[in-house]
Amino acid sequence: MFDTRKGMDWIINVLRKDQSPDGSWSYPFDTGISTDAYMIILLRTLEINDEELIQGLTKRILSRQEKNGAWKLYFDEGDGNVTATLEAYYALLYSGYYQKNDKRLRAAKKFILANGGIKEVGTYTKIMLALTGQQKWPTFTPFPIEVILLPEVFPLNFYSFSVFGRANITPIMILAEKKLSFRTSYTPDLSEFHLHRDEEDSWIRSTEMRSLLSFLNDGVKSLIGIPNELRRIAIERAKKYMLDHIEADGTLYSYNSSTFLMIFALLSLGYKKTDPIILKAIEGIQSMKCEINGLPHMQYTTANVWNTSLIGFALQAVGIPPTDSMVENANRYLLDRQHHKFGDWVIHNPNSLPGGWGFSDVNTILPDVDDTTASLRSISRIVPTELAAWERGINWTFSMQNDDGGWPAFEKNADSKLIEFLPLEKAEFLLMDPSSADLTGRTLEFFGNYTNLQKDHTAIKKGVKWLMKDQKRDGSWYGRWGICYLYGTWGALTGLSAVGVPNNNPSIQKAVSWLRGIQNEDGGWGESCHSDSEKRYIPLRTSTLTHTSWALDALMTVSEKPTSEIRKGIQYLLASLDKEDWTTAYPKGQGMGGALYIHYHGYRYIFPLLTLAHFQKKFER
């Protein structure tokens, strides 16, 4: 037999040590070096000389450079990522601590030039470069600001975008209109990376994009009013949207990217660098600083609620009672973070009251389905004393089901296919919030295992039907917010099982066969971040703790006995719990496929703990 208890106790001791005084776990939301680079660029552009932070960030950026001079988004990406490399190069130069003749910068320059220069970097990076005087704004505005005035009956309007999309697009529309370009005496010269004459109009690359923008422009022309007056009203509305969605820490929706853009948008509207709103926004970004291996990292956002909800639930799954101070403090933290304000979600879901949970520590208006069901799982054992919070959370989650039967992350029915043609790479990630297998599966798992909702309820049947339809030919499911097919398949299988779909169902068996077929020789599982760009499962060819936990948990859920695959997997987990190598730092989450990947530092503890608890409960008693 396996010594699962010893493994679980080791993890529990780590978690007990790592808990913050407020009851949360503040494990880093680690997105690589992009946000570190942008922080240096922001501080230098606004001439805020926080030298200790800037020096620390440059050290972290350099610590992640590859031998060939490039930077990568993940270990097996290839030779490197041209967008990340240009961002790192620019930030290091702008810091003033490194010069172009530095051998590390020369190697980076060589890689950027060999991979197409500025023309080949992502749109968000091009916007940052235009803002800081490194390239021209396009003559053809990517998003006419008057789009914000289009009525909701128009096929594509401001509220067709996901809330995450609106948070970023709103300041971009202002900036594209104002064409702000902000240079200082310290601004580096990146002109050698302009390899093509037509680069300022290379933002819009396809005829489909151009035709869709023409469609939007036609919609704008149909608005009644004098063009200049309409533009002024649109700018005012965009400004008001930003100001109305600032969190208590000064950030726009508690996101780094949208706050960075908002700061420059406000400057373009005449705000002074010393305006309290701008200073508070900068403080807000700075407050998301964490430390990784002794160096500072600017988090894209904080993940305290997500970490704490998952850990609170996992600890109780291994038998730690809700009265234990560790769990009690975690649940108190979560209850304090339940939302009471209306957010943009009410636009498409007007018949529900607030009651969800958000992702970050300061989030009060951007709840999501994943954090809500995770938080509800953690407080499920104290429901009698927290009935009001429980019912509000359930009602909100229930109301968020999409018309197609699945569940989104932030917003109901924000999945217009027209958005895919807009002039932004990864528009389907940035601007859409469709039903996904991971969210739908986990929501069904919550309703099936933690509530008395009948298995034949219409909402359950619709969710099951959506999942069955979404299954891929090979038996897997694609997970939107994790890597990737292992994540989606784990969510789908555990959800379907919880609402009564029998283990011998053909869809279940097909998924089981797929999972068995991709197990590694050492007993574990591992999936590459390439999967989400390729839109098919790509093996990592090395096992990871987190991927193994997802695969095992899925197999155990639909198995009556511990199969040889399950036993081999558990053996791998127990032997690998304390390992530290590139696989433990490999991203297991994604924000934007091909552009934004997330290393959740707590996942290596959370998911093995849940899987070991599940194994012990089901097979060792």
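Residues numbered from 1 in each chain as written. Predicted model: local features only at pLDDT ≥ 70, side-chain atom pairs only at ≥ 80, totals over all residues. Heavy atoms only, no water.

Draft legend 1. Representation of the pairing of strand β7 (residues 596-600) within the structure. β7 sits mainly inside the fold: five of its five residues count as buried. On β7, burial covers both faces: L596, I598 and Y600 on one face and Y597 and H599 on the other are all buried. Where strand β1 (residues 29-30) and β7 come together, two bridges link them in antiparallel fashion. Note on β7: the bridge partner recorded for F29 is Y600. (Buried < 20%, exposed > 50% of the residue type's maximum accessible area, 1.4 Å probe, protein only. Helix = DSSP H or I, 4+ residues; strand = E, 2+ residues; numbered from the N terminus. Pairing = 2+ DSSP bridges.)

Draft legend 2. Layout of the sheet that holds strand β6 (residues 589-592). Taken in spatial order, the three strands of this open sheet run β1-β7-β6, and their pairing is antiparallel. For this open sheet the edge positions go to β1 and β6, each flanked by a neighbour on one side alone.

Draft legend 3. Molecular detail of empty space enclosed by the protein. Considering all chains together, one arrives at three cavities of 30 Å³ or more under this definition. By volume, the largest cavity is sized at about 440 Å³. Along the wall of the largest cavity there are 31 residues; nearest its centre are Y255, F359, F410, W481 and Y600. Listed by contribution, the elements that provide at least two residues to the lining of the largest cavity are α14 (369-379), β6 and β7. Among the elements that line the lining of the largest cavity, the one with the most residues is β7, at three residues. (1 Å grid on protein atoms, 1.4 Å probe; cavity = no way out; pocket = protein on both sides within 12 Å on 5 of 7 lines; lining within 4 Å. Points joined across faces, edges and corners; volume = space filled by probe spheres on them.)

Draft legend 4. Spotlight on the packing of aromatic side chains. Across all of its chains, the model carries 41 aromatic pairs by this definition. Aromatic pair Y74 and Y586: ring centres 6.2 Å apart, planes at 75°, arrangement edge-to-face. One end of the pair, Y74, is in the loop between α3 (51-63) and α4 (82-95); the other, Y586, is in the loop between α24 (582-585) and β6, with 512 residues separating them in the sequence. The exposure class of Y586 is buried, given its relative accessible area of 1%. With a centroid separation of 5.2 Å and an interplanar angle of 80°, the aromatic rings of F158 and Y159 are classed as edge-to-face. A relative accessible area of 3% places F158 in the buried class. Among the aromatic residues, ring-to-ring pairing joins F29, W306, F359, Y487, W490, W550, Y600, Y603 and F607 into one connected group. For R166, the ring lying beneath its charged end belongs to F158, and the centroid distance is 5.9 Å. (Phe/Tyr/Trp six-rings, centres within 6.5 Å; stacked < 30°, edge-to-face > 60°. Lys NZ or Arg CZ within 6 Å of the ring centre and 35° of its normal.)

Draft legend 5. Geometry of the environment of M242. Here M242 lies in helix α9 (residues 227-244). The sequence separation of M242 and M262 amounts to 20 residues, and the corresponding C-alpha distance is 7.2 Å. Beyond its immediate chain neighbours, meaning those up to four positions away, M242 contacts T170, P171, I174, L252, M262, A265 and L266. (Contact = heavy atoms within 4.5 Å.)

Draft legend 6. Representation of unusual backbone geometry. Between I483 and the following residue, C484, the backbone shows a cis peptide bond with an omega angle of -25°. Tracing the sequence through the fold places C484 in the loop between α18 (458-470) and α19 (485-498). The phi angle at R541 is positive, at roughly 65°, despite the residue not being glycine. Looking at the secondary structure, you find R541 in strand β5 (residues 539-544).

Draft legend 7. Geometry of the side chain of S352. With respect to the element layout, S352 can be found in the loop between α13 (325-336) and α14. What makes S352 buried here is its relative accessible area of 7%. A polar side-chain atom of S352 sits 3.2 Å from a polar atom in the side chain of S399. S352 has contacts with F342, W345, N395, W396 and S399, leaving out every residue within four places of it along the chain. (Polar contact = N/O pair within 3.5 Å; in protein donor to acceptor, adjacent residues only side chain to side chain.)

Draft legend 8. Layout of α4. Taking 1.5 Å of rise per residue, 14 residues should cover 20 Å, and α4 covers 20 Å from first to last C-alpha, within 8% of that figure. A distance of 3.1 Å separates the backbone nitrogen of T83 from a side-chain oxygen at the start of α4, and that oxygen is part of N81. One or two positions beyond α4, positive phi appears at G96, with a value near 85°. (Expected span 1.5 Å × (residues − 1).)

Draft legend 9. Local environment of α3. Spanning 13 residues, α3 covers 18 Å between terminal C-alpha atoms, matching the ideal 18 Å at 1.5 Å per step. Along α3, the residues classified as buried are L53, I54, G56, L57, T58, R60, I61 and L62.

Draft legend 10. Structural context of the packing of helix α12 (residues 304-317) against α13. Packing of α12 against α13 brings their axes to within 9 Å, and their N-to-C directions diverge by 140°. The angle between the axes of α12 and α13 places the two elements in the oblique class. Every pair of crossing elements has a handedness; the one defined by α12 and α13 is left-handed. Of the residues in α13, those in contact with N304, V305, T308, S309, L315 and Q316 of α12 are M326, V327, A330, N331, Y333 and L334. Class assignment for the residues of the contact of α12 with α13 results in seven nonpolar, five polar and no charged. (Axes fitted to C-alpha atoms, helices over the stretch in contact; angles between N-to-C directions. Parallel < 35°, antiparallel > 145°, perpendicular 65-115°, else oblique. Left-handed = near helix turned anticlockwise from the far one by under 90°. Nonpolar A, V, L, I, M, F, W, Y, C, P; charged D, E, K, R; others polar.)

The values reported here are purely geometric and, on their own, carry no functional implication.
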